[in-house]
Amino acid sequence: MSERRLIEAASHFDNIPMADYLNDWYYMEPDFRGELFVRGPISLLEMRALFDQGRIHVRTQVRCGSDSLWHPLEDVMPLVVTEGGPKDRAKAVGSPVWRKALLFTFAFIVSVIALRLGISLKSFTPASFHQPHFTGEPLEKETIIRLTNEARSLNGLTELTENELLDTVAEERARDMLDKQYFAHVSPSGEGASDVAQRTGYQYKIIAENIAKGSFLTNQKLVDGWMQSPGHRKNILSSDVREIGVSILKGTMQGEEAWVGVQIFGLQSPPVSDTTCVQPSSELAHQISAKKSELQGLNEKIVNLRQELEHENTSIGLERTAAGRDYKRNYELNGRISAHNEKINWHNQLAGESREKAASLNSMVDKYNRMVQDYRNCQNPH
């Protein structure tokens, strides 16, 4: 591969400081559903190790820094291939010669970039590649929680409250991953964050977990890495959770020194009351139903009686006009008026009875409603 090709590959990052170029790489990795997740930040050395392990390939999308454009890995890591067919290339990729050539290729890329940036790398040789080590700021639980809440505030969400039980869950999860040398949301024994939460006594309605592994230089880079992954970002910006627990431990993971970070998000379920909740009286409900039917029948009778009285009142008025001074007709009319007045008295008595029954019914309904509310409060205490 010519020097021109190497310079072109490096030119994607002409304006990136050397420290970022060496330590601030991100790559896309599909999950079991085929959805892409952003991983990182990782160092150039870690990216080469992932390539050697077969976890990434020449078509894997990578970028340097969190704001740069994505490129296939082959654009920034020229590969040494033979001129033979696919089988020959496969042999070359797995051979010690290829690994050595790849190592020198990486060194040459960095050297070219350094020259373009005016940086001297006289001592930078393939032998200077080494395992990642921690040269950045110490990662701290309090800082990670603060940065997480800052991300929520920027998105119009309330801050999360630290919960000691969730801190315990997070630490147990992180320590379990280091002890058993795995990196997943479920341990080899099948235990996840929800199981640990139940065991530690955190009664949850919602539980969610973010995990991270790598040689993170700063707390901000760790939180930024989570925020660039859709699934982890969704947990951080969830409006349903109210509490958070965090653990960040340094240890050895699969032979390499690494930070393991865990965030646990939770929403507690209401505590179960020891008080026996009394259900509303079914007998009272039956009495209310009977009283409503009785009152409805009485009111229908009053309405019918009122209509009769109105009709009679109209008829009596017409009869009085027609009778004039006729003694006999006026005598008969007075009899009708007396009967009409008695019917009015009966109507008024029924109306009074209706008002009493309505007041009694309202009292029964109020009592029943209080019983219903007390039962609901007992079932769901605030």
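Whatever comes next refers back to the structure up there.
Quick caveat, the model's predicted, so the values are computed rather than measured.

### Considerations on the pairing of strand β8 (residues 256–268)
Next up, step 1: Strand direction decides the pairing type here: strand β6 (residues 204–214) and β8, joined by 10 bridges, are antiparallel. Across the sheet, the residue bridging to N210 is Q263, located in β8.
Next up, step 2: Two strands pair when backbone bridges link them, and strand β7 (residues 243–253) and β8 are joined in this way by 11 bridges, in the antiparallel orientation. Counted as the bridge partner of S247 is V262 from β8.
Next up, step 3: Hairpin remark: β7 followed by β8, antiparallel, with 2 residues in the connecting loop; positive phi at Q254, about 55°.

### Re the sheet that holds strand β3 (residues 61–64)
Next up, step 1: The sheet built from 4 strands is open, its strands ordered β2-β1-β3-β4 with antiparallel pairing. The open sheet has two free edges, formed respectively by β2 (36–42) and β4 (71–72), since each of these has just one partner strand.
Next up, step 2: Where strand β1 (residues 25–30) and β3 come together, 3 bridges link them in antiparallel fashion. Among the inter-strand pairings, Y27 is bridged to a residue of β3, identified as V62.

### What about the nonpolar core?
Next up, step 1: Counting residues in each nonpolar core, the largest one holds 21 residues, and the members touching the most others are I144, L222, I236 and F265.
Next up, step 2: When neighbours within four sequence positions are excluded, L222 is seen to be in contact with L139, I144, A212, F216 and I248.
Next up, step 3: Grouped together as the second largest cluster of nonpolar side chains are 18 residues, L166, I211, A258 and V262 included.

### Concerning the state of the cysteines
Next up, step 1: In total, this model carries 1 disulfide according to the counting rule given.
Next up, step 2: Disulfide pairing places C277 opposite C378 at an S-S distance of 1.8 Å. The S-S bond linking C277 to C378 shows a torsion near -85°; that makes this disulfide left-handed. Within this pair, whereas C277 is found in the loop between β8 and α12 (282–323), its partner C378 is found in helix α13 (residues 327–379), the two being separated by 101 residues in sequence. Across this residue pair, the class does not change: C277 and C378 are buried.

About the thresholds
Residues numbered from 1 in each chain as written. Predicted model: local features only at pLDDT ≥ 70, side-chain atom pairs only at ≥ 80, totals over all residues. Heavy atoms only, no water. Pairing = 2+ DSSP bridges. Helix = DSSP H or I, 4+ residues; strand = E, 2+ residues; numbered from the N terminus. Core = buried A, V, L, I, M, F, W, Y, C linked by side-chain atoms within 4.5 Å. Buried < 20%, exposed > 50% of the residue type's maximum accessible area, 1.4 Å probe, protein only. Contact = heavy atoms within 4.5 Å. Disulfide = S-S within 2.5 Å.

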